[in-house]
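# Descriptive structure summary
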Amino acid sequence: MEGALAALLAKEAEEVWVLGDAGKAMVEELRELLIKAARSGKKRMRLIFYLDDPRRLDYLNLLRAVLVENTSMSIIVEEKPRKALEHDLKNRKERPRIIPREVISDPLKGVDDLND
Amino acid sequence: MTERFEIILTTDRTMMTNHHGKEFLGFMATGPPIGMPEHLWMWICAPKVKVDELGRPWQAPYALRKLETLLQDKGYSAAVIDPDYLHLHLKHAKILMLSHHDYFALCPPSSEWWLITKKEPVNARSFRRLMEKPEIGEAKKRGLKIIAGGPAAWQWLYRVNLWKKWGIDTVVDGEGERIVLDLVEKVYSGEPLPRYIFVGPSDVPRIEEIPAIKYASVNGLIEIMRGCPRGCRFCSVTLRPLRHMPLDLIEKEIQVNVGCGVDGVILHSEDVLLYGAKGIRLNPDALIKLHVMARRYVGKMAWSHASLAAIKNAEEEHHLISRISEIVCGRGDQDYWGVEVGIETGSPELAKKIMPAKSAPYPAEMWPEVVEDAFRIMHENGIIPAATIILGLPEETPDDLVKTAELLDRLSDYRSLIVPMFFVPMGVLKDRNWFTTVKVKDEHIEVMRRCLWHSLKWAEEIIDKFYLKGASSYPLKLMLKVFLRYVKRKARSVERQLEVELPVIRA
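Conventions we followed
- Residues numbered from 1 in each chain as written.
- Chains lettered and ligands numbered in written order.
- Predicted model: local features only at pLDDT ≥ 70, side-chain atom pairs only at ≥ 80, totals over all residues.
- Heavy atoms only, no water.
- Helix = DSSP H or I, 4+ residues; strand = E, 2+ residues; numbered from the N terminus.
- Buried < 20%, exposed > 50% of the residue type's maximum accessible area, 1.4 Å probe, protein only.
- Contact = heavy atoms within 4.5 Å.
- Areas by Shrake-Rupley, 256 points an atom, 1.4 Å probe, with all protein chains shown as cover.
- Axes fitted to C-alpha atoms, helices over the stretch in contact; angles between N-to-C directions.
- Parallel < 35°, antiparallel > 145°, perpendicular 65-115°, else oblique.
- Nonpolar A, V, L, I, M, F, W, Y, C, P; charged D, E, K, R; others polar.
- Patch = residues over 30% accessible without salt bridge, like charges linked within 9 Å, V, L, I, M, F, W, Y side chains within 5 Å.
- Salt bridge = Lys/Arg side-chain N within 4 Å of Asp/Glu carboxyl O.
- Pairing = 2+ DSSP bridges.
- Right-handed = clockwise from strand over helix to strand, strands pointing away.
- Core = buried A, V, L, I, M, F, W, Y, C linked by side-chain atoms within 4.5 Å.

### Brief notes about the overall build of chain A
Broken down by element type, chain A carries five helices and four strands. Traced from its N-terminal end to its C-terminal end, chain A shows the element sequence α-β-α-β-α-β-α-β-α. Residues classed as buried in chain A amount to 51% of the 116 residues present. Considering only contacts in chain A between residues 6 or more positions apart, those separated by 24 or more positions represent 77%. Of the accessible surface of chain A, which amounts to about 6000 Å², a share of 47% is contributed by carbon and sulfur atoms.

### With respect to the packing of helix H1 (residues 38–45) of chain B against helix H4 (residues 122–131) of chain B
A pair of packed helices is characterised by two quantities: the angle between their axes and the separation of those axes. Residue and element names in this part refer to chain B. Look at H1 against H4: their axes get within 12 Å of each other, and the N-to-C directions meet at 100 degrees. Relative to H4, H1 is oriented roughly perpendicular. For the pair H1 and H4, the contacting residues are Glu 38, Trp 41, Met 42 and Cys 45 in the first and Val 122, Arg 125, Ser 126 and Arg 129 in the second. Looking at the contact of H1 with H4 residue by residue, the class counts come to four nonpolar, one polar and three charged.

### As for a nonpolar patch on the surface
Residues and elements named next belong to chain B. On the surface, a nonpolar cluster with roughly 300 Å² of combined accessible area is contributed by Tyr 474, Leu 478 and Val 482. Examined against the element boundaries, Val 482 turns out to sit in helix H16 (residues 474–498). We classify Val 482 as partly exposed; its relative accessible area is 48%.

### Looking at unusual backbone geometry
All names here are of chain B. Residue Pro 109 is bonded to the preceding Pro 108 through a cis peptide linkage, with omega at 0 degrees. For the bond running from Ala 360 to Pro 361, omega is 15 degrees, close enough to zero to count as cis. By the element assignment, Pro 361 lies in the loop between helix H12 (348–354) and helix H13 (367–380). One non-glycine residue, His 19, lies in positive phi territory at about 50 degrees. Summarising the element assignment, His 19 is placed in the loop between strand E1 (7–10) and H1. By relative accessible area, which is 7% here, His 19 ends up buried. Backbone geometry places Asn 219, a non-glycine residue, at a positive phi of 55 degrees. Note on placement: Asn 219 falls in the loop between strand E6 (196–198) and strand E7 (221–223).

### Some words on the pairing of strand E5 (residues 170–173) of chain B
Residue and element names in this part refer to chain B. Here E5 shows a buried face lined by Thr 170 and Val 172 and a second buried face lined by Val 171 and Asp 173. Pairing between strand E4 (residues 145–149) and E5: two bridges, direction parallel. The residue of E5 that forms the bridge with Ile 147 is Thr 170. Read from E4 through helix H6 (residues 160–165) to E5, the crossover connection turns out right-handed. Direction of pairing for E5 relative to E6: parallel, over a ladder of three bridges. Each bridged residue has a counterpart across the sheet, and for Asp 173 the counterpart in E6 is Phe 198. In this view, the connection linking E5 to its parallel neighbour E6 by way of helix H7 (residues 180–188) has left-handed handedness.

### Considerations on the nonpolar core
Ranked by size, the top nonpolar core spans 79 residues in total, and within it Leu 273, Trp 303, Leu 308, Ile 311, Ile 343 and Phe 375 of chain B carry the most contacts. Of all the elements, H13 of chain B adds the most residues to this core, at seven residues. Apart from residues no more than four positions distant in its own chain, Trp 303 of chain B is found in contact with Ile 266, Leu 267, Val 272, Leu 273, His 291, Ile 321, Ile 324, Trp 337, Gly 338, Val 339, Glu 340 and Ile 383 of chain B. In terms of nonpolar packing, the next biggest core, distinct from the first, is built from 60 residues, Met 73 and Ile 99 of chain A together with Met 131 and Val 171 of chain B among them.

Structure below.
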């Protein structure tokens, strides 16, 4: 019985990290990713939002446009404080897909930039 | 010491009620109180349900019962609790689980009544009252986790301010059986919860993962299938894989309900007649066995939903409706049964675009004929349908609405209620604009007007001769009749004000 959420949280899901509060461009990028993942037959997607203030849920108002387009994949949305990003990156073997792309080409470098 | 539960499953009064044992009265909860005070309106559609000393209701929504079983079977201290008794448990509870059909009155027909009357329906008011109970706020401060799910979970995405205000930790959109235990585990181990989960087709539970309920469901409702093969573009159910519940599971749940004193069953499926079917090819044997088995246990039977095409096909090819009518009504203690059906449109062109398989095995071009024949078959066999029409579907044209109005005229001799509903983006159309943001056309008003007069014409007979017979129903009957008179008066006055003139349709 157990395991559906675990599968979503583990490698079976296409994982995307989103840095900072969502803006329209970011939502557009997410939408493209979602469509691409669905077309390539992915069944699960995990979206992790690294937010300055994880208690703010405003990003969901923008994310709605992306979420309601999906009918075929399981999607999980998580929030983490921005400060957890560096730790998470260091503890990860493979580089995750991170958006917005233009902010971070090298994730660790980007973290430093963002923290400046 | 009184028993306390750590996981509380609940919902507001409009859901935690058996509607006086008359399921259809529950639809009044989708409207605002009209012509009477709210408490009276609530008494008609959502009376309090009996509870035990711990606040556990006699009957509760089926979805909550399923989760209750799952949690209890895993050893958790969990129970469905009536919303008036949350204070007994919230001081000690770790998790509050919510479910609803229409949290914010955004589904049809609630959204429609809201638009027409400009008043918030009682289901949304009642849910807000629940969420603003001081005991929930206090428990939240102590670290209570709140998980919201159910068929209307998607609505939270349109009410993010309330999601935040009420401290909802996680929203689960989709079938929850394979997700809920993992979420609970996370709470118990102190891990953070995800904010939102959409359960896609590959993560829905298999039949063997769906447990039998342990306590009574509202009016004996029992699921016989999940999913639907017809693929209508506006419907979310069709996105889920089709699964038929085994007869022994259905029987077990009927026994549970009867054991708890509920002498009825509502067979729940998006299309009851497809039980045991291969695709849309009917399985008469499975259907007869299902009805014979159910009838052995209960005094009253009803269907939740059936498709009009299946009704026509069942009768014309297998005389199945007559045979089932004999099983349901032949004993003499029941003379009708109710079902929800979807007309959606009277236009074959629109049907072809948005619901090409709804008419199957008949071609979409025959849709109006399918509807008319199915209504005749139901009328002749003691089935009283509550039918829906969807207004504002994407690609709808004025000509489509004219065809719908014409079909309504041809249905006038068949005992039924017909409710027009505004399009709400669900299913594969869920990214489309809401119809309610679009201007209502004259043709929409004419369709709504014809639906109203059709339903008013039949409502009195349905109440008198079928739904509320007997002295014990007299107070309810009286109030409903007063309400119907009020609606008629109001409708005439609105018509006068609007001076409705639609020569295209009336020609």
